[in-house]
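Take a look at the letters that make up each chain.
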Amino acid sequence: MLNTIGAMVLARLLTPSEVGVYAVGAVLAALVQVLRDFGVGAYIIQARTLDQQQLRAALCVSIVVGWSLAVLVMAGSYAAAWFYREPRLLTVLQLLSINFVLMPFSAIALPYLRRQMRFSAVFAINTSQCATQMLFAVALAISGWGYLSLALGALAGGVATLLATLCCRPAGLPWLPSWHGVRDIISFGSVSTAGTLIDEAGVAAPELIIGKIAGLAEVGIYGKAMGVINVFNQLVTAAISPVIFPLFSAQAREGRDLRQAYLTTVSYVTALAWPFFGFVALMAAELVHLLYGDQWHAAVPVIRVICMGSALYSMFGMARYLFVAMGEVKAQARLDAMAVPVRVAAVLVAAPFGLYWVGWAVVLGATFRSGLTYFCLRRLIAVRGAELMAAVQRSATVAVICLAGVLAVRSLAAAPATQLLAAALVCSLLWLAAIQYVRHALADECKLAARKAWALLHR
């Protein structure tokens, strides 16, 4: 929510070109950041046993890799600025490189907290980072710092993460690194990182390709389209994945039924994702007007197209965490290696024809990846197509009921803001009624959450 609020404000203070400069720099930094973790986080969460020596070795890997990458990003900023013929990119990347010096000190604390399921501490750290980054970026943008406000805001967020991690640091974490045990972490991390890096390259490809072929303003527009779609990732996926990964890992260590756990997860996620992406597709114009303003209206058709791919992939997005939890990092890396080239090739072909066709290229990539993921699920945990369809059947009914209400609201003549508010209200109420009507498992979860909230209010 903080990220969304910040994006709404900054979209009115910065131009598409200024946003595009930072977007390219952030994407390049994100690619390098995959290497920075080097699978340390996943190793800490999924390891069957974890002692002090392993944690010290993990800290050693984080420091060596993080500081080496800081130097790499600093040096590579010159090449990036030359390639895109954009001098501002030099400053953006040099500022972002400082975060790679800070990150190793929180690199083992956060996954260790997740392994222990201490999500209140994770929440405090993440909230500190988001709030600091948003406040700094908005304040600097108001003061006229332009594209630098985004880069300096990200740096301030990195400092806040470090300070919050020190405050929430779990007992038992070592302060000093050690070389002993590094080989095991590198063996795991090299495979895990290879797959994650390939996947991240596929995510970053559209913005990097658009920036080179179409221009930085188009990168900004595409970024805003993805910003609307990524609200689901920020509000739902980002909340689920830190929980589901250690949960899958714990169930794998205990020898429990991972097939049923995954089907339940898919049922829950699609009950949220399908109404959300349907709502966004139908109300895209009103959402862009409210969130970013009329200068970003070109993002509307891109949003509507990409929503289809996002809705389909919501059935398979959590499979990555399942595969790693099972120790099948090689299977995940192979899947990434097959899926990403198709996405990149499709975007390369589509980019000269405009952002709308880039959106269809992204959908093609998501469809291909969904098919590959299904075959991996079938091989590793014996998931069948009929079982998957049964798991999402109630979710589909919920989505149809919700979107019928949204379409009814759209047929009424009203101002965009009024229509959006009415559609959101109707969709929310119909969602609550629909999960009760179809007896979706989420209905019981909502009742339990409501009872807990009521008990907290009266405590």
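Residues numbered from 1 in each chain as written. Predicted model: local features only at pLDDT ≥ 70, side-chain atom pairs only at ≥ 80, totals over all residues. Heavy atoms only, no water.

**Considering the confidence of the model for the protein**
Our working definition: Each residue carries a pLDDT value, the predictor's own confidence for that position, ranging from 0 to 100. Starting at the N terminus, helices and strands are each numbered in turn, a helix being any DSSP run of H or I of at least four residues and a strand any DSSP run of E of at least two.
Per-residue pLDDT for the protein averages 82, and the proportion of residues at 70 or more is 93%. Summarising per-element confidence for the protein, the mean pLDDT is lowest in helix α10 (residues 182–213) (69) and highest in helix α18 (residues 385–410) (91).

**Some thoughts on the pattern of salt bridges**
For side chains bearing opposite charge, pairing can occur when the charged atoms are close. Test applied: Just to be clear on terms, a salt bridge is a Lys or Arg side-chain nitrogen sitting within 4 Å of an Asp or Glu carboxyl oxygen. Three labels apply to residues, based on accessible area from a 1.4 Å probe with only protein chains included: buried if under 20% of the type maximum, exposed if over 50%, partly exposed otherwise in between.
Scanning all chains against the criterion turns up five salt bridges. A salt bridge links Arg 259 to Glu 387; the shortest N-O distance between them is 2.6 Å. Taken together, the residues Arg 259 in helix α12 (residues 258–282) and Glu 387 in helix α18 connect sequence positions 128 residues apart. By relative accessible area, Arg 259 is classed as partly exposed at 23%. Owing to a relative accessible area of 27%, Glu 387 belongs among the partly exposed residues under this scheme.

**Quick look at the packing of helix α1 (residues 2–13) against helix α8 (residues 119–142)**
For any two helices packed against each other, the geometry is given by the interaxial angle and the distance between the axes. The criterion, for reference: Structural elements are reduced to axes, namely lines fitted to C-alpha atoms, with helices fitted over the stretch in contact, and the angle between N-to-C directions of any two is expressed from 0 to 180 degrees. For this classification, under 35 degrees means roughly parallel, over 145 means roughly antiparallel, 65 to 115 means roughly perpendicular, and everything else is oblique. By the convention used here, residues are in contact when the closest approach between their heavy atoms is within 4.5 Å.
Direction vectors running N to C along α1 and α8 enclose 10°, while the axes themselves pass 10 Å from each other. Here α8 runs roughly parallel to α1, going by the angle between their axes. Where α1 approaches α8, its residues Leu 2, Asn 3, Ile 5, Gly 6, Val 9, Leu 10 and Leu 13 are matched on the opposing element by Thr 127, Cys 130, Ala 131, Met 134, Ala 137, Val 138, Ala 141 and Ile 142.

**Observations regarding the nonpolar core**
The condition that has to hold: What makes a nonpolar core is a set of buried Ala, Val, Leu, Ile, Met, Phe, Trp, Tyr and Cys residues whose side-chain atoms join them at distances within 4.5 Å.
Core analysis: the largest hydrophobic core is formed by 137 residues, its most contacted members being Tyr 222, Tyr 262, Ile 303 and Leu 377. Filtering out sequence-adjacent residues up to four positions away, Tyr 222 remains in contact with Pro 206, Glu 207, Ile 210, Val 302, Ile 306, Arg 343, Leu 355, Val 358 and Val 362. Core analysis: the next-biggest nonpolar cluster, separate from the first, contains six residues, Leu 110, Leu 113, Ala 121 and Ala 164 among them.

**So, the packing of α8 against helix α9 (residues 147–168)**
Short version of the rule: By convention the crossing between two helices is left-handed if the near helix lies anticlockwise of the far one by an angle smaller than a right angle, and right-handed if it lies clockwise. When residues are sorted by character, Ala, Val, Leu, Ile, Met, Phe, Trp, Tyr, Cys and Pro go into the nonpolar class, Asp, Glu, Lys and Arg into the charged class, and all the rest, Gly among them, into the polar class.
Relative orientation of the contacting elements α8 and α9 amounts to 155°, with a least axis distance of 7 Å. Relative to α9, the element α8 lies roughly antiparallel. In this structure, α8 crosses over α9, and the sense of that crossing is right-handed. Between α8 and α9, the residues in contact are Ala 121, Ala 124, Ile 125, Ser 128, Gln 129, Thr 132, Gln 133, Phe 136, Ala 137, Leu 140 and Ala 141 and Ser 149, Leu 152, Gly 153, Ala 154, Ala 156, Gly 157, Ala 160, Thr 161, Ala 164, Thr 165 and Cys 168, respectively. Considered class by class, the residues forming the contact of α8 with α9 number 13 nonpolar, nine polar and no charged.

**Some remarks on the environment of Pro 170**
Examined against the element boundaries, Pro 170 turns out to sit in the loop between α9 and α10. Sequence separation of Pro 170 and Leu 113 is 57 residues, and the distance between their C-alpha atoms is 7.0 Å. Excluding residues that lie within four positions of it along the chain, Pro 170 makes contacts with Ala 109, Tyr 112, Leu 113, Gln 116 and Arg 118.

**Points about helix α13 (residues 284–291)**
Helical geometry note: an α-helix holds 3.6 residues per turn, so side chains three or four residues apart project in the same direction. Within the sequence span of α13, burial applies to Ala 284, Glu 286, Leu 287, Val 288 and Leu 291. A positive phi of about 100° marks Gly 293, the residue just after α13.

**What to know about helix α17 (residues 355–381)**
Rules: How far a helix is expected to stretch is found by multiplying one less than its residue total by 1.5 Å.
Between its first and last C-alpha, α17 extends 38 Å over 27 residues, near the 39 Å set by a 1.5 Å rise per residue. Count one or two residues on from α17 and you reach Ala 382, which has phi positive near 60°.

**Looking at unusual backbone geometry**
A positive phi is found at Ala 382, a non-glycine position, where the angle reads about 60°. Mapped onto the elements of the fold, Ala 382 is located in the loop between α17 and α18. Here the phi dihedral of Arg 439 falls at roughly 60°; this positive angle occurs in a residue that is not glycine. Taking the relative accessible area as the measure of exposure, Arg 439 reaches 71% and is therefore exposed.

**Some points on the environment of Ala 319**
Within the element layout of this structure, Ala 319 appears in helix α15 (residues 319–325). Along the sequence, Ala 319 and Phe 83 sit 236 residues apart, while their C-alpha atoms lie 36 Å from each other. Apart from the residues within four sequence positions on either side, Ala 319 is in contact with Tyr 262, Gln 332, Thr 373 and Leu 377.

**Observations regarding the packing of aromatic side chains**
The criterion, for reference: Only Phe, Tyr and Trp rings are paired, with Trp represented by its six-membered ring, and only when their centres lie within 6.5 Å; those with planes under 30 degrees apart are stacked, over 60 edge-to-face, the remainder tilted. For a ring to carry a charge above it, either NZ of a lysine or CZ of an arginine must fall within 6 Å of the ring centroid while also lying within 35 degrees of the normal to the ring plane.
The tally for this structure, following the rule as stated, stands at four aromatic pairs. With 5.2 Å between their ring centres and 80° between their planes, Phe 276 and Phe 277 make a pair best called edge-to-face. Among the aromatic residues, those joined into a cluster by ring pairs are Tyr 356, Trp 357 and Trp 360. Just above the ring of Tyr 147 sits the side chain of Arg 88; from NZ or CZ to the centre is 5.6 Å.

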